[in-house]
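A closer look at the structure
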Amino acid sequence: MMPRMSQKNQHISDLLPAYLNGRLDAASAERVREHLETCGDCRHELSAWEAVINATRLASASMSAPSPMLMNAVWAKIDAQDKAIAQQKSIKRVAYHLWLVFTRQIPLIHKDRARKPRTFMPGRNRPPPQRKQPTDNSSQW
Amino acid sequence: MGMGMYAQPVTAVDERQITRRIAAGDREALGELYARYQRALFNYLLQLTPDYGLAEEILQDTLVAVWKSAHRFEGRSSLQTWLIGIARRQAHNTLRQHKLPIADETEMERLVATEPEPEAFTLASIVRDELAEAFRQLAPLHREALVLIFVHELSYQETATILDVPVGTVKSRICNARRALRAVLDAREEARQ
């Protein structure tokens with residue numbers, strides 16, 4: 001993207017950070033260079049930004065590095081999370097199997113109940129139908 | 001693509017390859033990524049918290065998050081921008097969990113923006129050590145913007161993406177950071193007299 005620079009003689013102070021950072025396109029950078037040759041105010045601004053950059057980079061360079069053992073802690077965290085996920089999956093799998101077993105038992109339970117003779121309570125329900133005893137006709141002969 | 005003073009130059013193809021390897025569960029690839037970006041990420045995190053131990057904890061969480069979400073990297077931004085974005089989110093989560101203050105951005109912008117720009121702006125004449133010391137006294141919000149632009153050498157657009165603010169805010173933030181730096185130096189000068 002080309003930053004807007006309407007007039008050659010207009011101050012370019014807002015472009016200076018990007019100019020110093022090498023983030024301006026070639027044409028804009030050239031125009032900034034040309035302007036700096038003739039404008040003392042903008043050269044002063046440029047020096048001020050250079051000082052800010054120096055301060056930032058100097059302070060950053062003197063910062064300490066992270067512990068050399070940091071990756072060990074990272075792997076420990078990753079392994080612990082993987083283990084927890086595996087455990088959760090295992091619990092879910094067991095729960096699912098139990099559910100399957102239970103749901104398969106339901107028709108059997110129903111069947112079993114249907115087979116059971118109901119208890120007769122006088123005045124509340126009818127007595128269960130008496131099964132006819134098979135007649136032993138063999139004795140007649 | 002900004003390479004900054006820490007990260008070694010890498011091509012977009014390399015970046016996508018390393019994230020694909022991580023997504024496939026290659027532990028060596030995460031180690032390579034860490035070796036390449038550890039200082040850049042750690043330096044960035046130290047701008048958000050002065051606590052070395054906490055910064056290390058956030059860096060660990062950042063790498064765990066990278067391990068889990070490497071498959072989401074599409075190469076739309078540079079790997080460095082993507083990593084700093086993750087580090088920033090992890091930092092904000094951790095700081096919130098520890099109930100540590102996160103700078104009120106709106107208030108910070110308002111306070112600094114009202115300060116007039118000194119006419120005789122002589123930052124360039126101040127010795128580097130003093131400047132670096134003054135930089136350390138800046139608010140995390142200002143240090144963060146300056147480091148992203150001038151150390152990681154990110155563009156305004158990349159910085160705006162990471163900070164989740166418009167490009168105009170990034171520009172005003174680094175100008176405010178410069179004013180704040182001036183104010184710190186003035187205060188030190190006054191204290192000396």
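Shown above is the structure to which this text applies.
Everything quoted here is computed from the prediction, not taken from an experiment.

Okay, the overall build of chain A next. In terms of regular secondary structure, chain A is built from 4 helices and 0 strands. When its helices and strands are written in sequence order, chain A yields α-α-α-α. Across the 141 residues in chain A, those meeting the buried criterion constitute 25%. Of the contacts made within chain A by residues no fewer than 6 positions apart, 50% connect residues no fewer than 24 positions apart. Accessible area for chain A stands at about 11100 Å²; split by element, carbon and sulfur atoms hold 56% of it.

On to the overall build of chain B, then. Helix and strand content of chain B: 9 helices and 0 strands. When the helices and strands of chain B are read in sequence order from the N terminus, they spell out α-α-α-α-α-α-α-α-α. Here chain B holds 193 residues, and 53% of them are scored as buried. If you take every contact in chain B between residues at least 6 apart in sequence, the share linking residues at least 24 apart comes to 71%. Of the roughly 9100 Å² of accessible surface on chain B, a fraction of 50% belongs to carbon and sulfur atoms.

On to the interface of chain B and chain A. One widely used convention gives an interface's size as the accessible area the parts lose upon coming together. Every contact between the two is made by 48 residues of chain B and, on the other side, 36 residues of chain A. Taken together, both faces of the contact between chain B and chain A bury some 3900 Å²; the carbon and sulfur share is 63%. It is Arg27, Phe150 and Arg178 of chain B that lose the most area in chain B upon contact with chain A, and together they represent 18% of the buried surface on that side. At the junction of chain B and chain A, the tally comes to 5 salt bridges. Residue Asp79 of chain A pairs with Arg27 of chain B through a salt bridge whose shortest N-O separation is 2.5 Å. Applying the counting criterion to the chain B and chain A interface returns 15 residue pairs in polar contact (both at pLDDT 80 or more). A class-by-class count of the residues in the side of chain B that touches chain A yields 28 nonpolar, 7 polar and 13 charged.

With that out of the way, let us pick up a nonpolar patch on the surface. Residues and elements named next belong to chain A. A cluster of nonpolar side chains, contributed by Tyr96, Trp99 and Phe102, occupies part of the molecular surface with about 380 Å² of accessible area. Mapped onto the elements of the fold, Phe102 is located in helix H4 (residues 70-115). The partly exposed category is assigned to Phe102, whose relative accessible area is 46%.

We now examine the pattern of salt bridges. Taken as a whole and assessed by the stated rule, the structure comprises 12 salt bridges over all chains. Across the pair Glu158 of chain B and Arg23 of chain A runs a salt bridge whose closest N-O atoms are separated by 3.3 Å. Of this pair, Glu158 of chain B sits in helix H8 (residues 156-163) while Arg23 of chain A sits in the loop between helix H1 (16-20) and helix H2 (26-38), on two different chains. By relative accessible area, which is 28% here, Arg23 of chain A ends up partly exposed. For Arg182 of chain B, the salt bridge is made with Asp186 of chain B, and the minimal N-O distance between the two is 2.7 Å.

Conventions used here
Residue positions are counted from 1 within each chain, in the order its sequence is given. Key to labels: chains lettered from A, ligands numbered from 1, both in the order written. pLDDT decides what is reported in this predicted model: residues at 70 or higher carry local features, side-chain atom pairs at 80 or more are listed and counted, and totals for whole chains, interfaces and linings draw on all residues regardless. Just so you know, side-chain values use all the structure's heavy atoms and leave hydrogens and water out. Helix and strand definitions follow DSSP, with helices as H or I runs of at least four residues and strands as E runs of at least two, each counted in order from the N terminus. Only protein chains enter the accessibility calculation, which uses a 1.4 Å probe; a residue whose area is less than 20% of its type maximum is buried, one above 50% is exposed, and one in between is partly exposed. Note on contacts: a residue pair qualifies if any of its non-hydrogen atoms lie within 4.5 Å across the two residues. The accessible surface values rely on the Shrake-Rupley method and a 1.4 Å probe; as for residues, cover is taken only from the protein chains in view. Here the quantity called buried area is the accessible surface, traced with a 1.4 Å probe, that two parts lose on coming together, added over both. For this document, the term salt bridge refers to a Lys or Arg side-chain nitrogen within 4 Å of an Asp or Glu carboxyl oxygen. Any pair of N or O atoms that falls within 3.5 Å is considered a polar contact. Within protein, one atom must be able to donate a hydrogen and the other to accept it, and sequence-neighbouring residues count only if both atoms are side-chain atoms. When residues are sorted by character, Ala, Val, Leu, Ile, Met, Phe, Trp, Tyr, Cys and Pro go into the nonpolar class, Asp, Glu, Lys and Arg into the charged class, and all the rest, Gly among them, into the polar class. For patch detection, residues must exceed 30% relative accessible area and be free of salt bridges, and they are connected within 9 Å for like charges or within 5 Å for nonpolar side chains (Val, Leu, Ile, Met, Phe, Trp, Tyr).

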